Amino acid sequence: MTKFPYSLKNPLGDLSTPLESLKTAYRRWSSTVHPKPIIILGNPKAGTTVIASLLGKATNQAVTIDPFYRIDSSIKIREDMQIGSLSFKEVINQNKHHFSTAIIKDPYFIFMINSVIENFSESQFVFIARDPRDNIRSILNRLDIPGNLDQLDNDQLKSLPERTAWRLLLEGELPKVDGDNYIEKLAYRWTTSIDLYETQKERIQLIRYEDFMADKVAFIRWLATQLCLEYSTDIEEYVDNQFQPIGNRNISWIDFFGAKNLDRINHICRSKMLSLGYQE
């Protein structure tokens, strides 16, 4: 049997009370992997968290948000998976409680889509697309980094700890993407996510974040129907909850990125943008 070399964050959960510790430990020991969860995919800050959370609330289904984030040494795990020294199946089996719910969302899943489909062959998959200019602006707002720089300086990079998911995303790693600066790397990451969706588009339901934003309740009701789930809970009071830190959506693309960086995004993403109905 392969020894799994990674530990879990807070392996006994909340240690504030012995009862909660025992409950958490028991759940992790007794959990089984869900045989066919609904898998929510998409680039970071594309709306995956809010849509997965509201879908779970509306259909009374348990949701796991970002299982890779919840596992300690997740960067090392992703690196080992990338080079083939660790399989996704091993990760699942050693972290069954993170893969036991009816809905599972993780933005990294799209970058290992073949392994995800192989291990959850009976699942339904939903890929959330978002206009790359809004998507990239939202990522940078989340990290409090301007969009109009040519290069990030050391102080801006040091604001993010080394070898964390956000830092690697800015550096164009996991997965490795092209790009001469941080804007180009984020743009190429966006196009990579669309390319990977397209390799499995027969298996994956494509939705756009903008369509969700136009009428959140109606969209979640429609999505539940598409996934053969019963819409059983009114979510009107929850649709404006902030599931992630909100950025400044009011600043225009040209004001946020400047002409040069906005042109970089438009040039790199143009063909995929147009195919998804996003205009220049």
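Everything below is about the structure printed above this text.
Here goes a summary of the coordinates provided. The shown structure was predicted, so the numbers you read here are calculated from the model rather than taken from an experiment.

1. Structural notes on the pattern of salt bridges
Point 1. Per the counting criterion, the structure on display carries 14 salt bridges.
Point 2. For Lys-76, the salt bridge is made with Asp-80, and the minimal N-O distance between the two is 3.3 Å. Placement of both Lys-76 and Asp-80 in helix α4 (residues 74-83) is noted, with a separation of 4 residues, approximately one turn of the helix.
Point 3. Judged by relative accessible area, Lys-76 falls into the partly exposed class, the value being 39%.
Point 4. The partner of Lys-216 in a salt bridge is Asp-240, and the shortest N-O contact between them spans 3.1 Å. In this pair, Lys-216 sits in helix α12 (residues 216-226) while Asp-240 sits in the loop between α12 and α13 (253-275), placing the two residues 24 residues apart along the sequence.
Point 5. Looking at Lys-216, the relative accessible area reads 18%, which means it is buried.
Point 6. For Asp-240, a relative accessible area of 58% translates into the label exposed.

2. Focus: the nonpolar core
Point 1. Among the nonpolar cores identified, the biggest contains 51 residues, and Leu-41, Phe-68, Phe-88, Phe-109, Leu-140 and Leu-170 are the most heavily contacted of them.
Point 2. For Phe-88, the contacting residues outside a window of four places in its chain are Phe-68, Met-81, Phe-99, Phe-109, Met-112, Ser-115, Val-116, Asn-119 and Phe-120.
Point 3. Of all hydrophobic cores here, the second largest spans 25 residues; its members include Ile-38, Ile-207, Tyr-209 and Val-217.

3. Description of the packing of aromatic side chains
Point 1. Under the defined criterion, the tally for this structure stands at 13 aromatic pairs.
Point 2. Seen in terms of ring centroids, Phe-88 and Phe-99 are 5.8 Å apart; in terms of plane orientation they differ by 75°. Their pairing is edge-to-face. Here Phe-88, found in helix α5 (residues 88-94), pairs with Phe-99, found in the loop between α5 and β3 (103-105); they are 11 residues apart in sequence, far enough to count as distant. Phe-99 carries the same exposure label as Phe-88, and that label is buried.
Point 3. Between Phe-256 and Phe-257, the aromatic rings sit 4.9 Å apart at their centres with planes inclined by 90°, giving edge-to-face as the arrangement. Taken individually, Phe-256 and Phe-257 each receive the classification buried, so the pair is uniform in this respect.
Point 4. Put simply, the rings of Phe-68, Phe-88, Phe-99, Tyr-108, Phe-109, Phe-111 and Phe-120 pair up and form one aromatic cluster.
Point 5. The ring of Tyr-238 is capped by Lys-57, whose NZ or CZ atom sits 4.6 Å from the centre of that ring.
Point 6. The positively charged end of Arg-221 is found above the aromatic ring belonging to Tyr-231, 4.0 Å away from the centroid.

4. Some points on the sheet that holds strand β5 (residues 204-208)
Point 1. Reading across the sheet, the 5 strands line up as β2-β3-β1-β4-β5 and stay open at both edges, with parallel pairing between neighbours. Strands with a single pairing partner mark the edges of an open sheet, and in this sheet they are β2 (63-65) and β5. Here the strands of the sheet are splayed against their neighbours by 20° on average, with no regard to which way each runs.
Point 2. Here 5 bridges tie strand β4 (residues 124-129) to β5, and the two strands are oriented parallel to one another. In the strand pairing of β5, Ala-129 is matched with Arg-208.
Point 3. Strands β1 (38-42), β2, β3, β4 and β5 of the sheet are contacted by helix α2 (residues 48-59), whose axis makes an angle of about 170° with β3.

5. Some points on unusual backbone geometry
Point 1. Residue Pro-175 follows Leu-174 across a cis peptide bond; omega there is 0°.
Point 2. Among the structural elements, Pro-175 can be located in the loop between α9 (165-170) and α10 (182-199).
Point 3. At Lys-45, a position not held by glycine, the phi torsion is positive, near 65°.
Point 4. Tracing the backbone through its elements, the reader meets Lys-45 in the loop between β1 and α2.
Point 5. Take Lys-45: its relative accessible area is 13%, and that puts it in the buried class.

6. Some words on the side chain of Thr-48
Point 1. For Thr-48, the position within the fold is in helix α2.
Point 2. Assessed through its relative accessible area of 3%, Thr-48 is described here as buried.
Point 3. In terms of polar contacts, Thr-48 uses its side chain to reach the side chain of Lys-105, at 3.5 Å.

Parameters at a glance
Per chain, residue numbering runs from 1 following the sequence as it is written. Note on the predicted model: pLDDT of at least 70 is required for a residue's local features to be given, and 80 or more for side-chain atom pairs to be given and counted; whole-chain, interface and lining totals, by contrast, use all residues. Side-chain calculation: all heavy atoms of the structure are included, whereas hydrogens and water are not. Throughout this description, the term salt bridge denotes a Lys or Arg side-chain nitrogen within 4 Å of a carboxyl oxygen of Asp or Glu. Only runs of H or I of at least four residues qualify as helices and only runs of E of at least two qualify as strands under DSSP, and these elements are numbered from the N terminus. Exposure categories follow from relative accessible area, calculated using a 1.4 Å probe and restricted to protein chains: below 20% of the type maximum is buried, above 50% is exposed, and the middle band is partly exposed. By convention a nonpolar core is built from buried Ala, Val, Leu, Ile, Met, Phe, Trp, Tyr and Cys residues, the set being connected through side-chain atoms within 4.5 Å. Only heavy atoms matter for contacts: two residues are in contact if any of them lie within 4.5 Å across the pair. Two rings belonging to Phe, Tyr or Trp (six-membered ring only in the last case) form a pair when the distance between their centres is within 6.5 Å. Interplanar angles under 30 degrees mark stacking, angles over 60 mark edge-to-face geometry, and anything in between is tilted. Here, a charge over a ring means that NZ of Lys or CZ of Arg falls within 6 Å of the ring centre while also lying within 35 degrees of the ring normal. When DSSP finds two or more bridges between a pair of strands, those strands are recorded as paired. All axes are obtained by fitting lines to C-alpha atoms, using only the stretch in contact for helices, and the reported angles, taken between N-to-C directions, cover 0 to 180 degrees. Distance and chemistry together define a polar contact, namely a pair of N or O atoms within 3.5 Å, with one atom able to donate a hydrogen and the other to accept it when in protein, and with adjacent residues in sequence counting only for side-chain atoms on both sides.

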